[in-house]
Amino acid sequence: KLRERLRKASWIELNLGAGEDRMKIGVAMEKEARELEAAGQAEEALEGFHRAIAVQKLVYNFDDRCKNNAQIKEMVGKRIAELEGDVKRLSPPEEQATPIDDLEARLRKLRE
């Protein structure tokens, strides 16, 4: 139980070495998140999807393959969008509000 809580702790950072392929790591994280979701562990899967998105965004912005090949950059961008869709699908409704939605809700309250 302690090991699970430590694994999910927000202060644990991913330590990526210089020689590690971030794209492979991101894909592995996505696979793990999908396995967690299939096992009915939605909260853990949600955290896994967030981590996979973070790694894929690193790839999208800084990986030489994305800088030099538009098709790879497009593929990584699509994967990020898909992962963000998974996050939205798994997120509780109160967490799905965007800042614009929140602003509109505040404006409505002020008008009342």
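As the structure is a prediction and not an experimental result, all values here were calculated from the model.

1. Looking at helix H5 (residues 70-90)
Owing to its 3.6 residues per turn, the α-helix brings residues three or four apart onto one side.
Here comes step 1: Across its 21 residues, H5 extends 30 Å between first and last C-alpha, which sits within 8% of the 30 Å expected from 1.5 Å per residue.
Here comes step 2: Residue Asn69 occupies the N-cap position of H5, its side-chain oxygen lying 2.9 Å from the main-chain nitrogen of Gln71.

2. Details of the side chain of Ser91
Here comes step 1: Mapped onto the elements of the fold, Ser91 is located in the loop between H5 and helix H6 (99-111).
Here comes step 2: A residue is classified by how much of its surface remains accessible, and Ser91, at 11% relative accessible area, is buried.
Here comes step 3: For Ser91, the side chain forms a polar contact with the main-chain oxygen of Val87, separated by 2.6 Å.

3. Here we look at the pattern of salt bridges
Here comes step 1: Summed over the entire model, instances satisfying the criterion amount to 10 salt bridges.
Here comes step 2: The salt bridge partner of Glu82 is Arg34, with a shortest N-O separation of 3.0 Å. Taken as a pair, Glu82 in helix H5 and Arg34 in helix H2 (residues 22-38) lie far apart in primary sequence, 48 residues in all.
Here comes step 3: For Glu82, a relative accessible area of 45% translates into the label partly exposed.
Here comes step 4: Taking the relative accessible area as the measure of exposure, Arg34 reaches 28% and is therefore partly exposed.
Here comes step 5: Ionic pairing is found between Asp86 and Arg34, a salt bridge with its closest N-O pair at 2.8 Å.

4. Examining the packing of helix H3 (residues 42-62) against H5
Here comes step 1: Contact pair H3 / H5: the axes reach a minimum separation of 9 Å and the direction vectors enclose 155°. Taken together, H3 and H5 sit at an angle that is classed as roughly antiparallel. Handedness of the H3/H5 crossing: left-handed. Contacts between H3 and H5 involve Ala42, Ala45, Leu46, Phe49, His50, Ala52, Ile53, Gln56, Lys57, Val59 and Tyr60 from the first element and Lys73, Val76, Gly77, Arg79, Ile80, Leu83, Glu84, Asp86, Val87 and Leu90 from the second.

Conventions adopted
Residues numbered from 1 in each chain as written. Predicted model: local features only at pLDDT ≥ 70, side-chain atom pairs only at ≥ 80, totals over all residues. Heavy atoms only, no water. Helix = DSSP H or I, 4+ residues; strand = E, 2+ residues; numbered from the N terminus. Expected span 1.5 Å × (residues − 1). Polar contact = N/O pair within 3.5 Å; in protein donor to acceptor, adjacent residues only side chain to side chain. Buried < 20%, exposed > 50% of the residue type's maximum accessible area, 1.4 Å probe, protein only. Salt bridge = Lys/Arg side-chain N within 4 Å of Asp/Glu carboxyl O. Axes fitted to C-alpha atoms, helices over the stretch in contact; angles between N-to-C directions. Parallel < 35°, antiparallel > 145°, perpendicular 65-115°, else oblique. Left-handed = near helix turned anticlockwise from the far one by under 90°. Contact = heavy atoms within 4.5 Å.

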